[in-house]
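Topology and contacts: notes
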Amino acid sequence: MPLVNTAEIMNAARKANIGQGAFNVIHLESAEALVKGAELARTPVILQISENCVTYHGSLEPIALASLAAARSAGVPVAVHLDHAESEDLARAAVDLGFGSIMFDGAHLDYEENVAATRRVTEYAHAAGVYVEAELGKVGGKDGAHAPGVRTDPQEARAFVEATGVDALAVAVGSSHAMLDRSAALDIELIASIRAALDVPLVLHGSSGVSDQDIVAAIGAGMTKINVSTHLNGFFTRAIREYLEANPTVVDSRKYLARGREAMASESSRLLRLFAGRDG
């Protein structure tokens, strides 16, 4: 299947009332693993590259071109998405490289500044046919920068979407980024209220800290895009650790990275099936 625009995947998921997995790329092996997982699940996937990932690699283009190439060679529809870009320049660069979507994160700005910046990015992206996600109501985590208990107000969310023209909205409903356990408690009633107030799909960030049961409930209440990173990274890292403990003299990194790639592919496939209502 060719590389597809994120709108195609998101529209299909929303029409079917299922969840769509969006998983973060860290390096080439993770991009390969996530594509393999989608092929195993026979389900589309959205590959996400965060601003933190761009910083790690030193620039956007190398990891972007690798992810786009992995998507083009996939046997199922794959889109490539820029995640949590606080830089307008970075968002525009992703559009120019051929990403299917971008997420502009102006949640660190005050409301009016967030609206203005998000509108500028959206206009640029839409001119190129690129899907845009934004965030309103800070999602927890991120080195403790966000106050606990923050929630997105449904009416403010509707006004924000109308003012910016974004295609999807990430909302704060109880999840938190970078959690190592799955103990977050989602506000399912709030999800339903926000969904009723908006005409665009909702996005759940920080899903690594949410149990399977709560993710399924969130999808039932109106969540569409489910972002996962830390949870999958844990599978990748544990597989490498186990391999190295069993093979302490190995120095060929391909041998242990392959184990991490296999583990991430397997778990990402399970999650994609779970989100699509096929029991995980």
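The text that follows walks through the structure, step by step, so that each part is easy to find. Residues take numbers from 1 onward in each chain, read along the sequence in its written order. Only residues with pLDDT of at least 70 are given local features in this predicted model, and only at 80 or more are side-chain atom pairs given and counted; all residues enter the totals for whole chains, interfaces and linings. Side-chain descriptors were evaluated using all non-hydrogen atoms of the structure, hydrogens and water having been removed beforehand.

All right, on to the nonpolar core then. Throughout, nonpolar core names a set of buried Ala, Val, Leu, Ile, Met, Phe, Trp, Tyr and Cys residues whose side chains join them through atoms within 4.5 Å. Relative accessibility under 20% of the residue-type maximum defines a buried residue, over 50% an exposed one, and the middle range a partly exposed one, all with a 1.4 Å probe and only protein chains included. Counting 75 residues, the largest nonpolar core has Ile49, Ile102 and Leu169 as the members making the most contacts within it. A per-element tally of this core places helix H11 (residues 253-275) first, with seven residues. Counting 10 residues, the second largest nonpolar core, distinct from the first, contains Ala22, Ile46, Ala79 and Ala170. Secondary structure is summarised from DSSP: a helix means a run of H or I of at least four residues, a strand means a run of E of at least two, and numbering begins at the N terminus for each.

Below, the discussion takes up the sheet that holds strand S4 (residues 101-104). Pairing between two strands requires that DSSP report at least two bridges joining them. As summarised here, the arrangement of the eight strands in space is S1-S2-S3-S4-S5-S6-S7-S8, forming a closed barrel in which the pairing is parallel. Pairwise comparison of adjacent strand axes, ignoring direction, gives a mean angle of 25 degrees for this sheet. Inspection of the sheet shows strand S6 (residues 168-171) paired to strand S7 (residues 202-204) by two bridges, in the parallel sense. Residue Ala170 lies in a different strand from S7, and its bridge partner there is Val203. Lines fitted to the C-alpha atoms define the axes, with helices restricted to the stretch that makes contact. Angles between their N-to-C directions range from 0 to 180 degrees.

Two rings from Phe, Tyr or Trp (for Trp, the six-membered ring) form a pair when their centres are within 6.5 Å of each other. A pair whose planes differ by under 30 degrees is stacked, one over 60 is edge-to-face, and the rest are tilted. Under the counting rule described, the total for this entry stands at two aromatic pairs. In this analysis the charged atom, NZ for Lys or CZ for Arg, is taken to sit over a ring once it is within 6 Å of the ring centre and within 35 degrees of the ring normal. Stacked on the ring of Phe235, the Lys or Arg Arg238 has its end atom at 4.9 Å from the ring centre.

What follows concerns the packing of helix H9 (residues 212-221) against H11. One way to put it is that H9 packs onto H11 with a least axis distance of 10 Å and a crossing angle of 40 degrees. Our classification of the angle between H9 and H11 gives oblique. On H11, the residues that touch Asp212, Ile215, Val216 and Ile219 of H9 are Arg270, Leu271, Leu274 and Phe275. Under the convention adopted here, Pro, Cys and the residues Ala, Val, Leu, Ile, Met, Phe, Trp and Tyr are nonpolar, Asp, Glu, Lys and Arg are charged, and Gly plus all remaining residues are polar. The residue makeup of the contact of H9 with H11, split by class, is six nonpolar, no polar and two charged. Small angles under 35 degrees read as roughly parallel and large ones over 145 as roughly antiparallel, with 65 to 115 read as roughly perpendicular and the rest as oblique. We call two residues in contact when some of their heavy atoms are within 4.5 Å.

Next up on the list: the pattern of salt bridges. Pairs may arise between side chains of opposite charge once their charged atoms sit close together. For salt bridges, the criterion is a side-chain nitrogen of Lys or Arg within 4 Å of an Asp or Glu carboxyl oxygen. Within this structure, the stated rule accounts for eight salt bridges. One salt bridge in this structure joins Glu133 and Lys225, with 2.8 Å as the shortest N-O distance. Residue Glu133 is found in strand S5 (residues 131-136), and its partner Lys225 is found in strand S8 (residues 223-228); the two are separated by 92 residues along the sequence. The partner of Glu267 in a salt bridge is Arg270, and the shortest N-O contact between them spans 2.9 Å. Taken together, the residues Glu267 and Arg270, both in helix H11 and three residues apart, mark about one turn of the helix.

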